[in-house]
Structure formats: structure tokens, C-alpha cells
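# A closer look at the structure
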Amino acid sequence: MTSTKPAGSDPAPRPKRRTFSPEYKLRIVAEYDAAPKNEKGAVLRRERLYHSHVKEWRAARDAGALEKLVDKRTSPARPKKSAAEADNEKLRRQVERLEKELARNKAALEVMGKASALLEMISESAD
């Protein structure tokens, strides 16, 4: 019997390591801490976690490390802007930049006009 797989290939793909978001970690620590003593194990079994996970995440939370990792751009506390709001914000920044540039150019033209008038006065007085 001939196999279509090359010799020595692993028949099962390697499992991927789970990653946990800071929001998830904070939620699980809060849920674990709020659970009665006899239901803490049920929380761990349901989430397929170990007590060491909760212990590590609680220490990070208490040190303030988890709050710094929370993505404030997408967290529920700050709703995502709609496309129109994002466009408006972009246009506001562009208008602000152009107004600053216009003010700078007006000031430069004013200085040039004064310098030109001064040079005309000097050339008239020299004649």
C-alpha cells in the first residue's frame, strides 16, 4: 500500500498555544474572586484554566500591569467611531493644519510687504 504523505511527516498538526486578552484575564480574575469557595474550581474547569493562571493574572492586575495592556481603542468603555465621525475628525485636523499654515503665510507676506515699503522709502530718500 502506498501512502500519499511523505515519509516522516507528522500525522497530526501541532497544537497552537492559547492566548488570552487582557480583558479576558481581568474578567476571569473578577469572576473567580466573586465565586463562592466551592464554585471556584467550576470556573477553572469551564475555562480550561489552572489556579496558577488566576494567581499570575491577579498579581499582574494588582501591580497595574493588566490595565496598561487593555486596548482602550476597542474596549467597551470607549465605543468605536463610525466612518463618518472618523472622516470628520480627519477633516478637522486637516483644516486646523491648513489654518496654521495660512496664518504663517499671511505673517510672512505682511513682513515682506513692510520690508518692500521700507526699501521703497530708502530708495526714494536716496534719490
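Up top you'll find the structure we're talking about.
What this report covers is the structure whose coordinates are included nearby. (Residues numbered from 1 in each chain as written. Predicted model: local features only at pLDDT ≥ 70, side-chain atom pairs only at ≥ 80, totals over all residues. Heavy atoms only, no water.)

### A word on a nonpolar patch on the surface
Taken together, the side chains of Leu118, Leu119, Met121 and Ile122 present a nonpolar region at the surface, about 430 Å² in accessible area. Its location among the elements puts Leu118 in helix α5 (residues 83–126). (Patch = residues over 30% accessible without salt bridge, like charges linked within 9 Å, V, L, I, M, F, W, Y side chains within 5 Å. Areas by Shrake-Rupley, 256 points an atom, 1.4 Å probe, with all protein chains shown as cover. Salt bridge = Lys/Arg side-chain N within 4 Å of Asp/Glu carboxyl O. Helix = DSSP H or I, 4+ residues; strand = E, 2+ residues; numbered from the N terminus.)

### Let's talk about the packing of helix α1 (residues 22–34) against helix α3 (residues 51–62)
Viewed as axis vectors pointing N to C, α1 and α3 meet at an angle of 110°, and their least axial separation amounts to 9 Å. Between α1 and α3, the interaxial angle falls into the category roughly perpendicular. Two secondary-structure elements touch here, α1 through Tyr24, Lys25, Leu26, Ile28, Val29, Tyr32 and Asp33 and α3 through His51, Val54, Trp57, Arg58 and Arg61. Considered class by class, the residues forming the contact of α1 with α3 number 7 nonpolar, 1 polar and 4 charged. (Axes fitted to C-alpha atoms, helices over the stretch in contact; angles between N-to-C directions. Parallel < 35°, antiparallel > 145°, perpendicular 65-115°, else oblique. Contact = heavy atoms within 4.5 Å. Nonpolar A, V, L, I, M, F, W, Y, C, P; charged D, E, K, R; others polar.)

### Digging into the packing of aromatic side chains
Enumeration over the complete set of coordinates arrives at 3 aromatic pairs. Ring geometry for Tyr24 versus Trp57: centroids 6.2 Å apart, planes at 75°, classification edge-to-face. With Tyr24 in helix α1 and Trp57 in helix α3, this residue pair connects regions lying 33 residues apart in the sequence. The buried category is assigned to Tyr24, whose relative accessible area is 15%. For Trp57, a relative accessible area of 4% gives the class buried. Through a chain of ring-to-ring contacts, the aromatic side chains of Phe20, Tyr24 and Trp57 assemble into a single cluster. Above the face of the Tyr32 ring, Lys40 is positioned so that its terminal group lies 4.8 Å from the ring centre. (Phe/Tyr/Trp six-rings, centres within 6.5 Å; stacked < 30°, edge-to-face > 60°. Buried < 20%, exposed > 50% of the residue type's maximum accessible area, 1.4 Å probe, protein only. Lys NZ or Arg CZ within 6 Å of the ring centre and 35° of its normal.)

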